[in-house]
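# Coordinate inspection notes
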Amino acid sequence: MTPTIEDYKNAYLYGYALVDHYRIFYQDMNSPYEDPDGNSGPKTFNSLYGTARVYGPDDTVILTPNNDTPYSRGYLDLRQGWCSLEIPNDEDIEHRYNSFQCVDMYTNNVGYISVAQGPLSSGKQTGKYCFYNAARTLAPAINYADYDKVFAVKCDFLFLIGRTEMNTSAADMSAETDAVQARSEEHTSELQSRCQSR
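Throughout what follows, the structure given in this document is the object of discussion.

The rules behind each value
Residues numbered from 1 in each chain as written. Predicted model: local features only at pLDDT ≥ 70, side-chain atom pairs only at ≥ 80, totals over all residues. Heavy atoms only, no water. Helix = DSSP H or I, 4+ residues; strand = E, 2+ residues; numbered from the N terminus. Expected span 1.5 Å × (residues − 1). Bend = angle between axes of the 7 residues up to and from the residue. Contact = heavy atoms within 4.5 Å. Buried < 20%, exposed > 50% of the residue type's maximum accessible area, 1.4 Å probe, protein only. Pairing = 2+ DSSP bridges. Axes fitted to C-alpha atoms, helices over the stretch in contact; angles between N-to-C directions.

## A few points about helix 1 (residues 5-29)
Under the 1.5 Å per step criterion, the end-to-end length of helix 1 is 36 Å for 25 residues, consistent within 8% with the ideal 36 Å. The largest bend along helix 1 reaches roughly 30° and is located at G15. Tucked inside the fold, the buried residues of helix 1 contact strand 4 (71-77), strand 6 (98-104) and strand 10 (157-164).

Right, here's the structure in full:
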């Protein structure tokens with residue numbers, strides 16, 4: 001059967017998102033991480049990294065990022081088992097919009113950790129969550145009682161992207177970015193120790 005123009009069009013529409021998502025994955029994981037003290041090093045799987053600033057026009061790895069929510073991001077490697085992620089019950093986080101979007105390598109949104117209501121959402125901003133590759137890990141091996149929500153993923157890697165609300169007024173922008181990210185870095189350190197393969 002000879003492919004038609006429509007077949008080529010559909011292949012492009014399906015493949016473009018996958019290729020671009022892999023580009024982001026590759027560029028992000030191969031760019032060094034710099035902590036608030038200026039120390040830099042390679043990024044690793046199953047860790048979260050906070051950005052101590054808001055994004056602007058020069059940030060082009062991800063198209064049209066928000067410019068009013070500092071980001072935290074990381075990639076989970078689910079090949080060896082499941083990973084857990086805990087968002088601390090911090091009073092300041094409870095009074096801000098704070099969310100994690102969970103995207104698989106096929107660009108599907110497999111879950112949201114946020115106050116939003118819906119079949120993919122946790123319904124809350126804090127708590128303990130589990131992610132596992134449904135093709136590799138048997139769900140009964142996971143103790144569901146330990147988690148606020150368990151997310152089944154259909155591939156080996158999962159992209160977590162966190163957003164934290166900040167006041168965008170000119171007077172508060174700089175100070176609030178520093179304050180929010182200082183807390184983000186503290187929580188990231190805690191999350192790194194808990195976001196581990198089981």
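## Regarding unusual backbone geometry
The phi torsion of most residues other than glycine is negative, and most of the peptide bonds are trans. Positive phi outside glycine occurs at N46, with the angle close to 60°. Mapped onto the fold, N46 is located in the loop between strand 2 (40-41) and strand 3 (49-50). Its relative accessible area of 12% is what places N46 among the buried residues. A positive phi is found at T107, a non-glycine position, where the angle reads about 70°.

## Here's the deal with the sheet that holds strand 8 (residues 127-133)
With mixed pairing, the three strands of this open sheet are ordered in space as 5-8-9. Each edge of the open sheet carries a strand with a single partner, namely strand 5 (83-87) and strand 9 (149-153). For this sheet, the mean angle separating the axes of adjacent strands, direction not counted, is 20°. Here strand 8 pairs with strand 9 via five bridges, running parallel. Residue pairing in the sheet places N133 in a bridge with V153 of strand 9.

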